[in-house]
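Architecture at a glance
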Number of protein chains: 2
Amino acid sequence: MKYCSNCGKPVSIKVPPGDNRERFVCDHCETVHYVNPRIVAGCLPVWENRVLLCQRAINPRAGRWTLPAGFLENNETVVAGAIRETFEEANAVVANPDLYTVFSLPHISQIYLFYRAELVSPQFAPGFESRQVKLFEESEIPWDELAFPVVQETLEHFFADRYSGVFPVRSRDLIIDRDPTRFR
Amino acid sequence: MKYCSNCGKPVSIKVPPGDNRERFVCDHCETVHYVNPRIVAGCLPVWENRVLLCQRAINPRAGRWTLPAGFLENNETVVAGAIRETFEEANAVVANPDLYTVFSLPHISQIYLFYRAELVSPQFAPGFESRQVKLFEESEIPWDELAFPVVQETLEHFFADRYSGVFPVRSRDLIIDRDPTRFR
């Protein structure tokens, strides 16, 4: 941020009165511009004993497999965002979403929330950001070709929890040095 | 948003190529400015059979009682934000935080996440944004003077779940017409 989105004049980095950390503050109209983490909402779509993965058509991690997910929009609930992204990336319709994993990724200021959800039918097709979309049994998961650690962890939890049939919400912080795409 | 934070020239509202909704786009440098929901992180601090509430010193809802909570900062985990807000608003130190409630408030583009947490000691004091801070037994909760519906719901779940000793994560959307401070 270099200019004030309110008046168009340059901003400086300083600690506003009554605050305790540096913000972008307009030198002219004194508007304080807060920058906050973004939410990524996604689904783990399930059909019988298989899960739906999307092969990414775009960077980062083009060619790698992921769960459908994307940035939450204003005036949207988290679950609505997860359902929308599943439709946009996989043309898949899901039902009965249940919050399942919550990840903080402080190095990139992103918070991920994934929902387990049932595919309404085994109908799906790649959306704009996907190269292909496919159902995988546990033994078929391309573990070495997954796009993001949050996808790997969500799938690991799912297959482990499936034995007990109990799927508690899993909440964890992923601390990764520099490369947001690097695995543990 | 009226001006581009990248180049200082005016922005227009339009649908960028490859997108499907209106964004602020710079007429000059073509930067697309996304606006996303913000996360509010908070704690339900517990000491023996009592919970810690803060009486708000600031608007909205000055004079009403709330759980310590506030906007998540960049490069912060959700749980770290919840712990920090508890310290800032109540000078209280908590341990063993467990994710407990998740609320979407689409009308104000906010996502709340509250953690149950143990007070390390019964020591606390009002921070800058609090008039007073106090421990309440269930029978003492000022139900008619709570600040926000998310606080009421989190407390209701807590006292109900306390009977069983099992505290599953509760995830819900709060749909409120206009006034973000109005109760159901």
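Residues numbered from 1 in each chain as written. Chains lettered and ligands numbered in written order. Predicted model: local features only at pLDDT ≥ 70, side-chain atom pairs only at ≥ 80, totals over all residues.

**Some details on the relation of the copies chain A and chain B**
Definition in use: Least squares is the method used to superpose the copies, on C-alpha atoms of residues holding a pLDDT of at least 70 in both. Residues are scored as being in contact if the C-beta atoms we place from backbone atoms lie within 7 Å.
Superposing chain A onto chain B requires a rotation of 180 degrees together with a translation of 0.0 Å along the rotation axis, leaving an RMSD of 0.0 Å. In the structure described here, the two chain copies are related by an operation that fits a two-fold rotation axis. Looking at the rotation axis and the C-alpha trace of chain A, the residue lying nearest is A:Gly8, at 2.3 Å. A shared binding surface is used by both copies, with 97% of the interface residues of chain A retained as interface residues in chain B.

**Quick look at unusual backbone geometry**
Residues and elements named next belong to chain A. The cut-off we apply is this: Where helices and strands are cited, they refer to DSSP runs of H or I of at least four residues and of E of at least two residues respectively, numbered from the N terminus.
Across the junction of asparagine 59 and proline 60, the peptide omega takes the value 0 degrees, indicating a cis bond. A positive phi angle, near 50 degrees, is found at glutamate 48, a position not held by glycine. Secondary-structure assignment places glutamate 48 in the loop between strand S4 (38-47) and strand S5 (50-56). The backbone phi angle of asparagine 91 is positive, close to 45 degrees, even though this residue is not glycine. Here asparagine 91 is to be found in the loop between helix H1 (78-90) and strand S8 (94-105).

**Describing helix H2 (residues 149-164) of chain A**
Spacing of three or four residues puts side chains on the same side of an α-helix, whose turn is 3.6 residues. Residues and elements named next belong to chain A. Convention followed: Given a helix with a known number of residues, its expected span is that number minus one, times 1.5 Å. The exposure scheme places C-beta atoms from the backbone and then counts, for each residue, the other C-beta atoms within 10 Å of its own, assigning buried at 20 or more, exposed at 12 or fewer, and partly exposed in between.
Here H2 contains 16 residues, and its C-alpha end-to-end distance of 24 Å stays within 8% of the 22 Å for a straight helix at 1.5 Å per residue. When H2 is considered as a whole, its buried residues turn out to be Val150, Val151, Glu153, Thr154, Leu155, His157 and Phe158. If you follow the buried residues of H2, they end up packed against S4, S5, strand S6 (65-66), S8, strand S9 (110-119) and strand S11 (170-173).

**Description of the sheet that holds strand S3 (residues 32-33) of chain A**
Residues and elements named next belong to chain A. Note the threshold: Criterion used throughout: strands pair if DSSP finds at least two bridges between them.
Here we have three strands laid out as an open sheet, ordered S1-S2-S3, and antiparallel in their pairing. Every interior strand has two partners, whereas the edge strands, strand S1 (11-14) and S3, have only one. The sheet contact formed by strand S2 (residues 23-26) and S3 spans two bridges and is antiparallel. From the neighbouring strand, valine 25 faces S3, where its bridge partner is valine 32.

**A short note on the domain arrangement of chain A**
Selection criterion: These domain boundaries are the output of an automatic or database domain assignment.
Per the domain assignment, the segments of chain A are domain 1 (1-35) and domain 2 (38-173). One C-alpha centre belongs to domain 1 of chain A, the other to domain 2 of chain A; they are set 36 Å apart.

**Looking at the environment of A:Thr86**
Residues and elements named next belong to chain A. Position of threonine 86 relative to the elements: it lies in helix H1. For threonine 86, a count of 30 C-beta atoms within 10 Å corresponds to the buried category. The spacing of threonine 86 and cysteine 43 is 43 residues in sequence and 6.5 Å in space, taken between C-alpha atoms. Excluding its chain neighbours within four sequence positions, the residues that come into contact with threonine 86 are Cys43, Pro45, Pro68, Ala92 and Val94.

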